[in-house]
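The primary structure of each chain is shown beneath.
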Amino acid sequence: MQRDWNEELQACRDFPHTTPQERILRDRALYKVTSDFVDAASNGAIGVISRCIPPINPTDPECFHMYVHNNIFYSFAVDADLEQLPKRHASVNNPKIEGSINSLKNTDENDGNSSCFKVSNGCISESDGSNPSELSGATGLPTETQLAESEQATYASANNDLKGTKAYQEADVPGLYNLAMAIIDYRGHRVIAQSVLPGILQGDKSESLIYGSVDNGKKIYWNEDFHSKVVKAAKTLHLKEHEVLDEAGNVFKLAGPVECKGIVGSDDRHYLLDLMRVTPRDANYNGPGSRFCVLRPELVTAFCQAEAAEKTKGKSSVEEEHVAAPDLPNVADVNDLVEDKADPASASDSQFAAKVQKNETLQECGSTPTASSCQEIYFNPNVFTEFKLAGTPEEIAADEENVKKATQYLTDVVLPKFIQDLCTLEVSPMDGQTLTEALHAHGINIRYIGKVAEMTKHLPHLWDLCSSEVVVRSAKHIIKDVLRDTEDHDIGPAISHLFNCLFGNCQIVGAKGANSMQSKTQKKENSGKSSRGQSRWKSGASERKNQPSYMSINSESLWSDIQEFAKIKYQFEMPEDARARVKKVSVIRNLCQKVGVTIVAHKYELGAAAPFQTSDILNLQPVVKHSVPVCSEAKDLVETGKLQLAEGMLSEAYTLFSEAFSILQQVTGPMHREVANCCRYLAMVLYHAGDMAGAIIQQHKELIINERCLGLDHPDTAHSYGNMALFYHGLNQTELALRHMSRALLLLSLSSGPDHPDVAATFINVAMMYQDIGKMDTALRYLQEALKKNERLLGEEHIQTAVCYHALAIAFNCMGAYKLSHQHEKKTYDILVKQLGEEDSRTRDSQNWMKTFKMREIQMNAQKQKGQVLNAASAQKAVDILKANPDLMHAFQAAANSGGTTSSSNTSVKKSLNAAIASEVGAHPRGRGVDERAARAAAEVRKKAAARGLLIRPHGVPVQAVPPLTQLLNIINSGMTPDSSTNNEEMEVANTKVEDGNLSNVQETATEEKPKLDKEDQAPVGLGKGLSALDSKKQKMKQKAAA
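Note that the structure is a prediction, hence the values are computed from the model and not measured. (Residues numbered from 1 in each chain as written. Predicted model: local features only at pLDDT ≥ 70, side-chain atom pairs only at ≥ 80, totals over all residues. Heavy atoms only, no water.)

S.K.: Just to check I follow, could you spell out the overall build of the protein for this structure?
M.R.: A count of helical and extended segments in the protein gives 37 helices and 18 strands. Expressed as a percentage of the 1043 residues in the protein, the buried residues total 52%. For the protein, the share of sequence-separated contacts (at least 6 apart) that also reach a separation of at least 24 residues comes to 71%. (Helix = DSSP H or I, 4+ residues; strand = E, 2+ residues; numbered from the N terminus. Buried < 20%, exposed > 50% of the residue type's maximum accessible area, 1.4 Å probe, protein only. Contact = heavy atoms within 4.5 Å.)

S.K.: Sorry if this is basic, but what is going on with the confidence of the model for the protein here?
M.R.: Caution applies to low-pLDDT parts of the model: their predicted coordinates are not meant to be read in detail. Looking at the protein as a whole, the pLDDT averages 75, with 67% of positions reaching at least 70. For the stretch residues 950-962, pLDDT sits under 50, and the model shows 18 contacts to residues farther than four places along the chain or on other chains. (pLDDT = per-residue confidence, 0-100.)

S.K.: How should the packing of aromatic side chains be read in this particular structure?
M.R.: Two descriptors summarise a pair of aromatic rings, namely the distance from one centre to the other and the angle between the planes of the rings. Overall, the coordinates contain 18 aromatic pairs when judged by the stated rule. Pairing Phe499 with Phe503 gives two aromatic rings, centres 5.8 Å apart and planes at 85 degrees, and the pair type is edge-to-face. Linking Phe499 with Phe503, this pair stays in helix H16 (residues 491-503), spanning four residues, or about one helical turn. Comparing Phe499 with Phe503, the two get one shared label, buried. These aromatic residues form a ring-pair network of at least three members: Phe499, Phe503, Tyr604 and Phe612. Of note, Arg269 hangs over the ring of Tyr177, and the distance from its end group to the ring centre comes to 5.5 Å. (Phe/Tyr/Trp six-rings, centres within 6.5 Å; stacked < 30°, edge-to-face > 60°. Lys NZ or Arg CZ within 6 Å of the ring centre and 35° of its normal.)

S.K.: Quick question: what am I supposed to make of the pairing of strand S10 (residues 251-254) here?
M.R.: If a strand is regular, its side chains alternate between the two faces of the sheet. Side chains of S10 alternate between two faces, with Phe252 and Leu254 buried and Val251 and Lys253 left unburied. Bridging between strand S9 (residues 242-245) and S10 involves four bridges; their strand directions are antiparallel. The residue of S10 that forms the bridge with Glu243 is Lys253. Here S9 folds back onto S10, and the loop between the two strands holds five residues, one of which, Gly249, carries a positive phi near 90 degrees. (Pairing = 2+ DSSP bridges.)

S.K.: Honestly, the environment of Phe73 in this entry has me stumped. Any pointers?
M.R.: Here Phe73 is to be found in strand S2 (residues 72-77). Separated by 28 residues in sequence, Phe73 and Ala45 place their C-alpha atoms 9.8 Å apart.

S.K.: Would you explain the sheet that holds strand S12 (residues 270-273) in this entry?
M.R.: Hydrogen bonds along the backbone pair up the strands of a sheet, which may run parallel or antiparallel. Read across the open sheet, the four strands follow the order S5-S12-S11-S8; overall the sheet is mixed. Here the strands that pair on one side only, and so sit at the sheet edges, are strand S5 (176-177) and strand S8 (209-212). The pairing of S8 with strand S11 (residues 261-264) spans three bridges and is classified as antiparallel. Looking across to S11, one finds that Leu209 is bridged to Ile263. Sheet strands touched by helix H7 (residues 224-237): S5, S8, S11 and S12. Its angle to S12, the strand with the most contacts, is close to 55 degrees. (Axes fitted to C-alpha atoms, helices over the stretch in contact; angles between N-to-C directions.)

S.K.: What is the right way to look at the nonpolar core in this model?
M.R.: Nonpolar side chains tend to gather and get buried jointly when the protein is soluble and globular. Grouped together as the largest cluster of nonpolar side chains are 157 residues, with contacts concentrated most on Tyr74, Tyr168, Phe418, Phe499, Leu591, Val597 and Ile599. Judged by nonpolar contacts, the second largest core, of 50 residues, contains Ala737, Leu783, Ala786 and Trp849. (Core = buried A, V, L, I, M, F, W, Y, C linked by side-chain atoms within 4.5 Å.)

S.K.: Quick question: what am I supposed to make of unusual backbone geometry here?
M.R.: Backbone geometry follows two general trends: most residues other than glycine have a negative phi, and most peptide bonds adopt the trans configuration. Unusually for a residue other than glycine, Asn70 sits at a positive phi of about 55 degrees. One can find Asn70 in the loop between strand S1 (67-69) and S2. For Asn70, a relative accessible area of 22% corresponds to the partly exposed category. With phi around 65 degrees, Asn732 is a residue other than glycine that occupies positive phi space. Summarising the element assignment, Asn732 is placed in the loop between helix H25 (715-730) and helix H26 (734-752).

S.K.: Would you explain the pattern of salt bridges in this entry?
M.R.: Oppositely charged side chains can pair when the atoms bearing their charge come close. This model, assessed by the stated rule, comprises 37 salt bridges. Close ionic contact of Arg187 with Asp488 constitutes a salt bridge, the shortest N to O distance being 2.5 Å. Taken as a pair, Arg187 in the loop between strand S6 (181-186) and strand S7 (189-195) and Asp488 in the loop between helix H15 (460-484) and H16 lie far apart in primary sequence, 301 residues in all. Note on Arg187: relative accessible area 8%, which makes it buried. Asp488 gets classed as partly exposed once you look at its relative accessible area, which sits at 41%. Close ionic contact of Arg579 with Glu556 constitutes a salt bridge, the shortest N to O distance being 3.2 Å. Placement of the pair is Arg579 in helix H19 (residues 578-581) and Glu556 in helix H18 (residues 555-570), with a sequence separation of 23 residues. In the salt-bridge network here, residues are joined through shared partners; they are Arg3, Glu8, Lys32 and Asp36. (Salt bridge = Lys/Arg side-chain N within 4 Å of Asp/Glu carboxyl O.)

S.K.: Sorry if this is basic, but what is going on with helix H21 (residues 632-646) here?
M.R.: Since the α-helix turns once every 3.6 residues, residues separated by three or four places project in the same direction. Counted at 1.5 Å a residue, the expected span for H21 with its 15 residues is 21 Å, and the 21 Å between its end C-alpha atoms agrees. Packing partners of the buried residues in H21 comprise helix H22 (650-668) and helix H23 (673-689). The first or second residue beyond H21 is Gly648, which carries a positive phi of 85 degrees. (Expected span 1.5 Å × (residues − 1).)

S.K.: Which parts of the structure should I look at to understand the packing of helix H27 (residues 757-772) against helix H29 (residues 799-814)?
M.R.: Helices that pack against each other are described as a pair by the angle of their axes relative to one another and the distance between those axes. Two numbers describe how H27 lies on H29: the axes approach to 11 Å, and their chain directions differ by 10 degrees. It follows from the interaxial angle that H27 and H29 lie roughly parallel. The residues of H29 that touch H27, namely those facing Ala761, Ile764, Met768 and Gln771, are Gln800, Val803, Cys804, Ala807, Ile810, Ala811 and Cys814. (Parallel < 35°, antiparallel > 145°, perpendicular 65-115°, else oblique.)

S.K.: Looking at this structure, I do not really get the sheet that holds S1. What am I missing?
M.R.: Spatial strand order, S1-S2-S7-S6-S16: five strands in an open sheet with antiparallel pairing. Only two strands of the sheet have a single neighbouring strand rather than two, namely S1 and strand S16 (623-626). Neighbouring strand axes in the sheet, compared pairwise and without regard to direction, differ in orientation by 25 degrees on average. Sheet analysis places S1 next to S2, joined by three bridges and oriented antiparallel. When the bridges of S2 are listed, Tyr67 appears paired with Tyr74.

S.K.: I'm lost on H18 in this one. Help?
M.R.: The first and last C-alpha atoms of H18 sit 21 Å apart over 16 residues, in line with the 22 Å expected at 1.5 Å per residue. Within H18 the residues assigned to the buried category are Ser555, Leu558, Trp559, Asp561, Ile562, Phe565, Ala566, Ile568 and Tyr570. In the stretch just after H18, Gln571 is the one whose phi turns positive, near 50 degrees.

S.K.: Explain the environment of Glu605 to me, please; I cannot follow it from the model alone.
M.R.: Note on placement: Glu605 falls in the loop between strand S14 (597-599) and strand S15 (617-620). Judged by its relative accessible area of 57%, Glu605 falls in the exposed class. Taking the C-alpha atoms as reference, Glu605 lies 10.0 Å from Phe503; in sequence the two are 102 residues apart.

S.K.: Whenever I open this one, the packing of helix H2 (residues 20-49) against H22 confuses me. Can you help?
M.R.: Between H2 and H22, the least distance of the axes is 8 Å, while the angle of their chain directions is 40 degrees. Relative to H22, the element H2 is oriented oblique. Taken together, the residues of H22 that come into contact with H2 (itself represented by Gln21, Ile24, Asp27, Arg28 and Tyr31) are Ile663, Gln666, Val667 and Thr668. Of the residues belonging to the contact of H2 with H22, the class tally is four nonpolar, three polar and two charged. (Nonpolar A, V, L, I, M, F, W, Y, C, P; charged D, E, K, R; others polar.)

S.K.: What exactly am I supposed to notice about the side chain of Ser751 here?
M.R.: Looking at the element boundaries, Ser751 is found in helix H26. We classify Ser751 as buried; its relative accessible area is 3%.

S.K.: Teacher, can you tell me more about the pairing of S6 here?
M.R.: Where burial is concerned, most of S6 is hidden: six out of the six residues are buried. On S6, burial covers both faces: Met181, Ile183 and Asp185 on one face and Ala182, Ile184 and Tyr186 on the other are all buried. Across six bridges, the pairing between S6 and S7 is antiparallel. Opposite Tyr186, over in S7, you have His189 as the bridge partner. Linking two consecutive strands that pair antiparallel, namely S6 and S7, is a turn of two residues; a positive phi of about 55 degrees is found at Arg187 within it.

Set out below in structure tokens:
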């Protein structure tokens, strides 16, 4: 039994939602129905693209084909960036990719017309658009009008329509309904899936249209009841109620874009469709071909909040100016963030008068400029378009200036602030997906990624990330264009060939392969099967059916097309060595996600000419964008909880996060990304409260959800492993924590590569864990590698570099090397002074650390000097004892021949015994067969024996020390001090503890246990094999020094 998706969705929206429990039930029903719709739409779209579902209008051109399956309406959208222009601009002789790039140029340079219209639930955007003759170019229409008609079916308009639908759904105006919608990208096609509008397929659609226009403003419909509902939604979306003219000159008052369509369904509900421009147009992109370059809703919200804050800040001054001059121009114009307020022009006075006549809300603002309504900002979505606007020129100019200010706010405030956040690591994207999310969260469109790359040239990891994202997005368009013309049996070979061209050094397929592939294609054509895809919609397609299009592509041509595409689409100049500099593993991962390719998981020889085989391509999955609603109540609770957590109010934050977690579990179920976020915040609260066990439980939930919802290799999953490691370390389960850190490093290197500040920060955490278990040499290696990464990626004067220097200072402090600690902390202090100033709390903390390290260094030097005086007296006593006991001397010499090995003693014993040997040798002539080397070897053995209080006979049986030797040892030990043996060459031997409250107490292993630990050590994760050879070199150096 087929489900009526539209009736289910609208019935759920009609649920009561006055009480919290009613809102939870309503949100859960909406989430369930929408999720089921997205799943059904994805399966149906695969059937449509695979031609398993027949169209309902088979006699129309294929670009207008519509499909209805499982009560879901399907239509195609065209990739305008790579589509051919109308037939009068087409060039049928060009190869596939060359023609695609030329069409992209023409999109920007000429009119940008594509060959299709958008079909939305049976409503074609042109009234007589089913006539194919109009596709070749209509005469007598303005260029912008032709552009508007043809761009309705582009990828960009589909994305904007989905965003507009979500915006109106979140506005949630009673009596105003939207259709369920999903966008499915599969095999190069983009399919728009919508729930079927009641009655649209049975009745006359012209009678049900009561608001908006279907012919781009030639004829506009208007209904007062419908308009009142649209106005309510417009206030939430910051859209201005304005007047427009139709082709006959009639004036209509609208509160949305002209091309939106208000339809009354057979169920008597009011539906609003085609919401492609619910935000104003981007004034930076107002040329031909950029009609749907609109601002993001996040930017509109941020701009309005900034304007409101600016108005509140200058409220008193505005009141004084209003009393002195009541006709000041900027009283009604509430956009003063970037512009100067000191230009009282007469044109602005008339502008103010026109606004008073046309807009009741602004009239209230003019009379009471300090009222809260004056802080609301509304944009006219139809400025900078081809539509005719009614009203005075001053009012139109004011609306245009309003949009220009929002655009200027994007370029002058938002972009620099985003770059600053990237530089300070407040925002740290790891891959293309997280970079896109960060840009959108700040209200920045992806088309500005080239500008972001230019502004981050001084940060190598950010420039690499932006350039890789541009490469992936450019290659995605080209690969999709090829896949549209590829037969089923050629999908695997085509993808593997394109991947080899992109990541290897692949040339054009040989003639033999071409002939065999051509024969297969011809057989299929002779059997009556025509090639699928949108190539049949273009002129010259029959000439390219002789052989698959991908066979004419090689590495050079593909990279040339990518560079040209990036320059035109993203204004990004790729360097000549971009092909060699690209991070192949990260690009492969990102490209597979965007195209939907599943490949075999094994290590590829990416340096080979053809690293991919056809058998490596496992599957091609649909990539879906949807409008599944979010729980606004839980979202508000989470935002409030974050503010409470930042202020240190742990109890209140825990209550808010727990409540949000409970609501989300009821609405979305446990396996959802927002539930994982709640678990992460709950773990942070419990961690700061000292409940490590509870924090680990919540963090483990987040880890499981992220692995299942986001994927095993997502950066958020890697950070979940890192947080879990820190919590385990808090419970003194360091070995388990190190295993989680190893997993986090692996995932971070996979998504971003080894050169990223987050990898360096993880190295610091790993070093602290090794430091706590006494492996100081491994900890130092991690810290030094982290310092190298930060200096290379962020610069020598970055705050994160200062953090590395401070961590090294703490490590040297734990080892007793206070001089090195002071030197590294001095570098930390210098960086913090330059970046933060001397008054910052972190700078003062660093200064206190410097004083502490300096004081400890002075104390250690004083103890050394005191120990040297005592050791001199002890050495003289030892010499006297040895002179008085010649037998003891001969016993030492005999023990030297035994070759016994014991633990190393301190420097004072060595000096005392060497002095005794020198005195003994000087007092007696050398016997035959005894030389200085033997004497030194004997002294070394005696030194080791003395340290253990034993003598070793030649056959290796230990005996009790003779009384003179015991007396000797007592004399020597009486002159020793605990710290007298510590120097810069023996940093590995640390017997001190860090007692400061900011650090964990570090217990060092005994000296005789260190060789055993070194044998058990494996190569540290993330440091490579090159550094693991340092241990053997260090041991050789020690042996040479001892000899």
